[in-house]
Amino acid sequence: QVQLVESGGGLVQAGDSLRLSCAASGRTFSNYNMAWFRQAPGKEREFVAAISGHGRITYYADSVKGRFTISRDNAKNTVYLQMNSLKPEDTALYYCAADSLYFSTTSYTYWGQGTQVTVSS
């Protein structure tokens with residue numbers, strides 16, 4: 001079992017930056033591929049970014065490529081999402097997810113509760 005707790009969300013203006021954190025507990029963190037997803041009101045949840053357990057492989061949705069950076073600190077059991085040049089369309093509830101087997105844009109076993117990011121124009 002892995003517990004995930006996101007933090008760092010907030011209300012910012014377009015063009016600002018924000019860094020989300022996801023603290024994990026319960027198992028060996030480096031065994032887990034990690035990802036960020038988001039869900040805007042009235043829309044389906046969508047993949048944002050993923051990082052492999054050792055941190056050497058990352059993957060991004062086209063909508064955030066070049067603006068967002070996913071990283072992890074296995075010593076701190078934490079994964080981050082650095083978000084730059086934020087746009088109003090980035091407004092969503094952002095979720096952290098983990099899986100020990102799959103590195104994908106969809107299949108994750110463990111999920112956090114989410115942290116809200118709101119970008120005003």
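Attention in this report is confined to the structure presented alongside it. (Residues numbered from 1 in each chain as written. Predicted model: local features only at pLDDT ≥ 70, side-chain atom pairs only at ≥ 80, totals over all residues. Heavy atoms only, no water.)

1. Considerations on the overall build of the chain
- The helix and strand inventory of the chain stands at 0 helices and 11 strands.
- Taken from the N to the C terminus, the helices and strands of the chain come in the order β-β-β-β-β-β-β-β-β-β-β.
- Looking at the 121 residues of the chain, the share that counts as buried comes to 44%.
- The long-range share in the chain, meaning contacts at least 24 apart out of those at least 6 apart in sequence, stands at 56%.
- In the form shown here, the chain has an accessible surface area of approximately 6300 Å², with 45% of it arising from carbon and sulfur atoms.
- Here the chain contributes 11 positively and 9 negatively charged side chains, and the mean placements of these two sets differ by 6 Å. (Helix = DSSP H or I, 4+ residues; strand = E, 2+ residues; numbered from the N terminus. Buried < 20%, exposed > 50% of the residue type's maximum accessible area, 1.4 Å probe, protein only. Contact = heavy atoms within 4.5 Å. Areas by Shrake-Rupley, 256 points an atom, 1.4 Å probe, with all protein chains shown as cover. Lys, Arg positive; Asp, Glu negative; His and termini not counted. Charge placed at Lys NZ, Arg CZ, Asp CG, Glu CD.)

2. Regarding the sheet that holds strand β8 (residues 78–83)
- Spatially, β1-β3-β8-β7 is the arrangement adopted by the 4 strands of the open sheet, whose pairing is antiparallel. Each edge of the open sheet is held by one strand with a lone partner, namely β1 (3–7) and β7 (68–73). Geometrically, the sheet is characterised by an average inter-axis angle of 15 degrees between neighbouring strands, direction not taken into account.
- Across 5 bridges, the pairing between β1 and strand β3 (residues 18–25) is antiparallel. In the sheet register, Gln3 faces β3, and the bridge partner there is Ser25. (Pairing = 2+ DSSP bridges. Axes fitted to C-alpha atoms, helices over the stretch in contact; angles between N-to-C directions.)

3. Regarding the pattern of salt bridges
- All chains considered together, the criterion is met by 4 salt bridges.
- Here Glu46 and Arg38 are joined by a salt bridge, their closest N and O atoms 2.6 Å apart.
- Asp90 is the salt-bridge partner of Arg38, the closest N and O atoms lying 2.9 Å from each other. Of this pair, Arg38 sits in strand β4 (residues 33–39) while Asp90 sits in the loop between β8 and β9 (92–99), and the two are 52 residues apart along the sequence.
- Via salt bridges that share partners, Arg38, Glu46, Arg67 and Asp90 belong to a single interconnected network. (Salt bridge = Lys/Arg side-chain N within 4 Å of Asp/Glu carboxyl O.)

4. Observations regarding the environment of Tyr108
- Residue position: Tyr108 is located in the loop between β9 and β10 (110–111).
- As for Tyr108 and Met34, which are separated by 74 residues in sequence, their C-alpha atoms are 8.3 Å apart.
- In this structure, Tyr108 is in contact with Asn33, Met34, Ala35, Phe37, Ala50, Ala97, Ala98, Asp99, Tyr102 and Phe103, ignoring residues within four places of it in sequence.
- Within the local environment of Tyr108, its side chain forms a polar contact with the backbone oxygen of Ser104, the two atoms lying 2.7 Å apart. (Polar contact = N/O pair within 3.5 Å; in protein donor to acceptor, adjacent residues only side chain to side chain.)

Worth remembering: the numbers are spatial, not functional.
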